Protein chains: 2
Amino acid sequence: MSPRTDTRGSRRTILAHIRARSGIARVDIARDTGISPATVTTVTAELLAKGLVAEVLAEPDSGTKRGRPRVLLALNSDAFLLAGAKISNNHITVAVIDFGGELVADHVMPLPRARGTARDMADYVHAALTETLAPIGKDVADLASIGVGLSGFVDAESGEVHWSPTLSTRNVPFRDVLTDRLGVPVQIDNDANLAALAELWFGAGRGMSDFIVLTIEEGVGMGIVLDNRLFRGTRGIGAEFGHIKVQLDGALCRCGQRGCLEAYIADYALLREAGAAIGADQMDGTGAPQQIDSLIALAESGNHAAQSIIDRAGRMFSLGVANVINIFDPELIILSGERMRFFSYFEETFRQRLAQNIIDIDRDPARITVHTWEDLLWAKGAAALAMEGLTDRILQEPAG
Amino acid sequence: MSPRTDTRGSRRTILAHIRARSGIARVDIARDTGISPATVTTVTAELLAKGLVAEVLAEPDSGTKRGRPRVLLALNSDAFLLAGAKISNNHITVAVIDFGGELVADHVMPLPRARGTARDMADYVHAALTETLAPIGKDVADLASIGVGLSGFVDAESGEVHWSPTLSTRNVPFRDVLTDRLGVPVQIDNDANLAALAELWFGAGRGMSDFIVLTIEEGVGMGIVLDNRLFRGTRGIGAEFGHIKVQLDGALCRCGQRGCLEAYIADYALLREAGAAIGADQMDGTGAPQQIDSLIALAESGNHAAQSIIDRAGRMFSLGVANVINIFDPELIILSGERMRFFSYFEETFRQRLAQNIIDIDRDPARITVHTWEDLLWAKGAAALAMEGLTDRILQEPAG
DNA sequence: GCCATTTAATTTGGTTGTCAAATTTATTTT
DNA sequence: AAAATAAATTTGACAACCAAATTAAATGGC
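For every chain, the first residue of the written sequence is number 1, and numbering continues from 1 onward in sequence order. Both sets of labels track the order of writing: A upward for chains, 1 upward for ligands. Local features in this predicted model are restricted to residues of pLDDT 70 or higher, and side-chain atom pairs are both shown and tallied only at a pLDDT of 80 or more, whereas totals for entire chains, interfaces and linings draw on every residue.

(A) Structural detail: the domain arrangement of chain A. Residue and element names in this part refer to chain A. How far each domain reaches was decided by an automatic or database domain assignment. Assigned domains within chain A: domain 1 (9–77), domain 2 (80–199 + 377–396) and domain 3 (209–370). Taking only C-alpha atoms into account, the centre of domain 2 sits 27 Å from that of domain 3. Counting residues at the interface gives 11 residues for domain 2, matched by 14 residues for domain 3. Sorting the residues of the side of domain 2 that touches domain 3 by element identifies strand S8 (153–155) and helix H6 (191–202) as the ones contributing at least two each. When residues in the side of domain 2 that touches domain 3 are grouped by element, the largest group, 6 residues, is from H6. Any residue outside Ala, Val, Leu, Ile, Met, Phe, Trp, Tyr, Cys, Pro, Asp, Glu, Lys and Arg is labelled polar, Gly included; the first ten of those are nonpolar and the last four are charged. Of the residues belonging to the side of domain 2 that touches domain 3, the class tally is 7 nonpolar, 1 polar and 3 charged. In this description, any two residues whose backbone-derived C-beta atoms lie within 7 Å of each other are considered to be in contact. Runs of E in the DSSP output that reach at least two residues are strands. Runs of H or I that reach at least four are helices, and both are numbered from the N terminus.

This is the structure in structure tokens:
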């Protein structure tokens, strides 16, 4: 069976709680978490000593109350500097954050080539980080932890990349190559998981124990948070939301299979249909994002073909989301990703369709939130990954 | 956030391990679980003192070895008597087992009516248990724990039944009604979860940490085991595998929605199609199970309509299973339920289709096992539920 | 202005779970 | 019988908690 990996439960819970409800008093932590006040004192003392947490001034407090005033705690933003890097097809996006999760610097560096050896990519990541940090007078060595996201089949625990469009070889211990090159602890993960981590650590998922994040961009992704932790599938890889099948022998997907959700709603799928049904002269723009814009505009101006394309995408998406809800019964679903800009266009259809496809029980159905991050979503997710790794490491250390 | 529910980790792990590998020595438990030999000694001493575990004679052991001989441990079958009851449409099936999981008695009692108040049903369950126990000279009061399964929306944790075809009222605290009437601790659960529990405690899932059980009978069910525990959805209800959608605006399901998997592969779905395409004179039998037999026979004898019906069911099923695999990436999938008798008929198609629909990575795909239990599957699952409740309660007790 | 009251935070003392290292026990080999 | 080997246990210590008692820091009433 599995080895013992139980790591200081209270410490983790308390730190997570302070992060979620920044500016919280010890009493309230004890009440909310069920941990005894005695333990909260002990643990927070340790966190203060380590510099992770700081006491902040209580607001002068309107209502005049008796008793010893509560002392509020918050993460100590200055404690550490962290960075996340997302390797895409043709560029690396970097976000540098402080320990409080605030963005300190960001940068996009074009990639000389889309594919290379692990060592090459490590060099590029180093360059991207250096370029990002230079303006604020910092250096890669000033970082406490780095998270790197890339697409493909990535085993976050072992740090191995089984396959990625980014790397020219298979089964590479990419995390170790990066740690070696950068001289700072690195975590890696599949990019689909990054959005969920971003929501969990900095976004709409703060303080929620169970939720699911779905993203639409070039591809379609899913991240699952169960019991306050990212669920990475039982073997470290999973949650291939983009490739769940919504139609028997359906549309051809770029993965080579048929009927994948992605084959109905990803950029290339929409444009493929548009290409067949709508004259090229009616579609403005050259890049994919521009063409999608153009397609939406056509639909809004009453073009039936365009409307039909968008409409089907909406219906298929609702089918996929319904299946996720039927399986997990989550309390919250967060829809994210750049393409959610268009959500309002088919929201009506989507919600209506969804209601037709989820099992109706006597309680509130899953709440569905749309959270469109700026284009830094993925890099911030990578930074969240860095954060996760850092706190894991710190909490591992003996109580200095 | 969540209250502390951490319950004596090692104790649970060690007991589970002894159950999984009956007749195991302390050294091996320590090696397998990563728990220190010192702790294994302490914990097993406690389990022995409580009578849950017994030392069994080591087999005379072929290979002659030096050193102190290992003392094998196994569950003490005589420790407790447990019962599981499954309430179906027109009968209650009961299985009585000992603490080792061996069947001691079983019985089917017809139900006077399909639907009643919680109190009525509690009376019926009491009657069914009494009838089962009488021949072995036992009584309901001799039971240490009882598990009851029924279909509908059952919250196992709170013990409430939000809705069930069996109960005439909604939102009933059915567990408490049962405990009250029977005078013995009762657990209740949705029947879909029972099959997974049966596999986890007594079946192909013994000793596996993560797997998924899919069942086809009147309906279609799914049970999910993650990290050695049944995953009941984030809010206690979930895993509606029968109602995941495999076709947009597809066949009408008895749940009122369209395109549910169940609407393609459950008994009623097959017979609905058969009724339309095959003359009633060609279909033998009157009950659903007999008619399904007849349909399979027709298909095997070359009837194209029958073949086509079965074939589509197989294709749709493979689609549903593929989706589950793509989401969870489990190491093992167990196909169970009475209808798996016919699996061999479409196994070829199923496996081939499945391979076309799961994401192909550089490692072994999920292993798929067919495990057709005798008709006691559900009742044994309910008994496993009783077992789970019992051990939880025992491990909670102070180390007497 | 001082004492009672109230609430937050801390300290004290003790329990429990766990392990590393040393020791005992039960067996086979020499 | 002594040496070797391997399993199981005991010992001693430590870390994580918590309940209860105590201390700290404010306000309200007189």
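(B) Geometry of the pairing of strand S11 (residues 211–216) of chain A. Residue and element names in this part refer to chain A. To sort residues by burial, count the other C-beta atoms lying within 10 Å of each one's C-beta; a count of 20 or more means buried, 12 or fewer means exposed, and anything in between means partly exposed. C-beta atoms are built from the backbone. Most of S11 is tucked away, with 6 of its 6 residues classed as buried. Neither face of S11 is left uncovered, since the one carrying Phe211, Val213 and Thr215 and the one carrying Ile212, Leu214 and Ile216 both have all their residues buried. Pairing between strands requires that DSSP locate at least two bridges from one strand to the other. Count of turn residues in the S11/strand S12 (residues 220–226) antiparallel hairpin: 3 residues. With 4 bridges connecting them, S11 and strand S14 (residues 332–336) associate as parallel partners.

(C) Inspection of the protein's contact with DNA strand D at higher detail. Inspection of the region around DNA strand D gives 26 residues, with Ser10, Ala38 and Thr39 of chain A together with Gly67 and Arg68 of chain B positioned closest. Breaking the surface near DNA strand D down by element, the ones donating at least two residues are helix H1 (9–20) and helix H3 (37–49) of chain A together with helix H2 (26–33) and helix H3 (37–49) of chain B. Examining the composition of the surface near DNA strand D, we find that 3 residues originate from one element, H3 of chain B, more than from any other. Within the surface near DNA strand D, the residues separate by chemical class into 9 nonpolar, 8 polar and 9 charged. Nearness is defined per residue: the C-beta atom, placed using the backbone, must lie within 6 Å of the molecule or strand.

(D) View of the protein's contact with DNA strand C. Around DNA strand C there are 27 residues in total, and Gly67 and Arg68 of chain A together with Ser10, Ala38 and Thr39 of chain B lie nearest to it. Sorting the residues of the surface near DNA strand C by element identifies helix H2 (26–33) and H3 of chain A together with helix H1 (9–20) and H3 of chain B as the ones contributing at least two each. Class assignment for the residues of the surface near DNA strand C results in 10 nonpolar, 9 polar and 8 charged.

(E) Representation of the nonpolar core within the structure. By convention the nonpolar core is taken to be a set of buried residues drawn from Ala, Val, Leu, Ile, Met, Phe, Trp, Tyr and Cys and joined through C-beta atoms within 7 Å. The biggest cluster of nonpolar side chains holds 235 residues, and the ones touching the most others in it are Ala83 and Ala85 of chain A together with Ala83 and Ala85 of chain B. Apart from residues no more than four positions distant in its own chain, Ala83 of chain B is found in contact with Val94, Ala95, Val96, Leu129, Leu143, Ile146, Ala383 and Ala386 of chain B.

(F) Summary view of the confidence of the model for chain A. All names here are of chain A. Of all residues in chain A, 92% have pLDDT values of 70 or greater, and the mean over the chain is 87. A residue's pLDDT is the predictor's confidence in that residue, given on a scale from 0 to 100. Taken element by element, the predicted model of chain A shows its lowest mean pLDDT in helix H11 (residues 343–357) (82) and its highest in helix H5 (residues 174–182) (98). Below pLDDT 50 for its whole length, residues 1–6 participates in 9 contacts with residues either more than four positions away or in separate chains.

(G) Region of interest: the environment of Ala305 of chain B. Residue and element names in this part refer to chain B. Relative to the helices and strands, Ala305 is located in helix H10 (residues 304–328). A tally of 17 C-beta atoms within 10 Å means that Ala305 is categorised as partly exposed. Taking C-alpha positions, Ala305 is 33 Å from Pro165, a pair spaced 140 residues apart along the chain. Discounting residues that sit within four places of it in the chain, Ala305 has contacts with Ala277 and Ile278.

(H) Broad picture of the packing of helix H6 (residues 191–202) of chain B against helix H12 (residues 377–396) of chain B. Residues and elements named next belong to chain B. Convention adopted: a line fitted to C-alpha atoms gives each axis, helices being fitted over their contacting stretch, and angles between N-to-C directions are expressed from 0 to 180 degrees. Following both chains from N to C, one finds H6 and H12 inclined at 70 degrees, their axes separated by 7 Å at the closest point. By the angle between their axes, H6 is roughly perpendicular relative to H12. Together, Asp191, Leu194, Ala195, Leu197, Ala198, Leu200, Trp201 and Phe202 of H6 and Leu377, Trp378, Lys380, Gly381, Ala382, Ala384, Leu385, Met387 and Glu388 of H12 make up the contact between the two elements. The class makeup of the residues in the contact of H6 with H12 is 13 nonpolar, 1 polar and 3 charged. The cut-offs work like this: below 35 degrees is roughly parallel, past 145 is roughly antiparallel, 65 to 115 is roughly perpendicular, and the gaps in between are oblique.

(I) How the structure looks around the sheet that holds strand S7 (residues 145–150) of chain A. Residue and element names in this part refer to chain A. Spatially, 5 strands are ordered S6-S5-S4-S7-S10 in an open sheet, and the strand pairing comes out mixed. Of all the strands in the sheet, just strand S6 (103–110) and strand S10 (186–190) have a single pairing partner and so form its edges. Within the sheet, the average angular offset between the axes of one strand and its neighbour, ignoring direction, is 15 degrees. Of the strands in this sheet, S7 and S10 touch H5, which is tilted by about 145 degrees from S10. In this fold H6 packs onto strand S4 (81–87), S7 and S10, with an angle of close to 110 degrees to the strand it touches most, S10.

(J) A look at helix H5 (residues 174–182) of chain B. Residue and element names in this part refer to chain B. Taken together, the buried positions of H5 are occupied by Phe174, Arg175, Val177, Leu178 and Leu182. On an axial view of H5, the arc spanned by its buried residues comes to 160 degrees, and they lie on one face. Residues of H5 that are buried sit in contact with helix H4 (118–133), strand S7 (145–150), strand S9 (160–163) and strand S10 (186–190). One or two residues past the end of H5 sits Gly183, with phi positive at roughly 70 degrees. By arc we mean the arc of the directions from the helix axis to the C-beta atoms, nothing more.

(K) Quick look at the pairing of strand S6 (residues 103–110) of chain B. Residue and element names in this part refer to chain B. Across 7 bridges, the pairing between strand S5 (residues 91–98) and S6 is antiparallel. Bridge pairing in S6 places His91 opposite Pro110. Where S5 hands over to S6, the hairpin turn is made up of 4 residues, of which Gly101 adopts a positive phi near 95 degrees.

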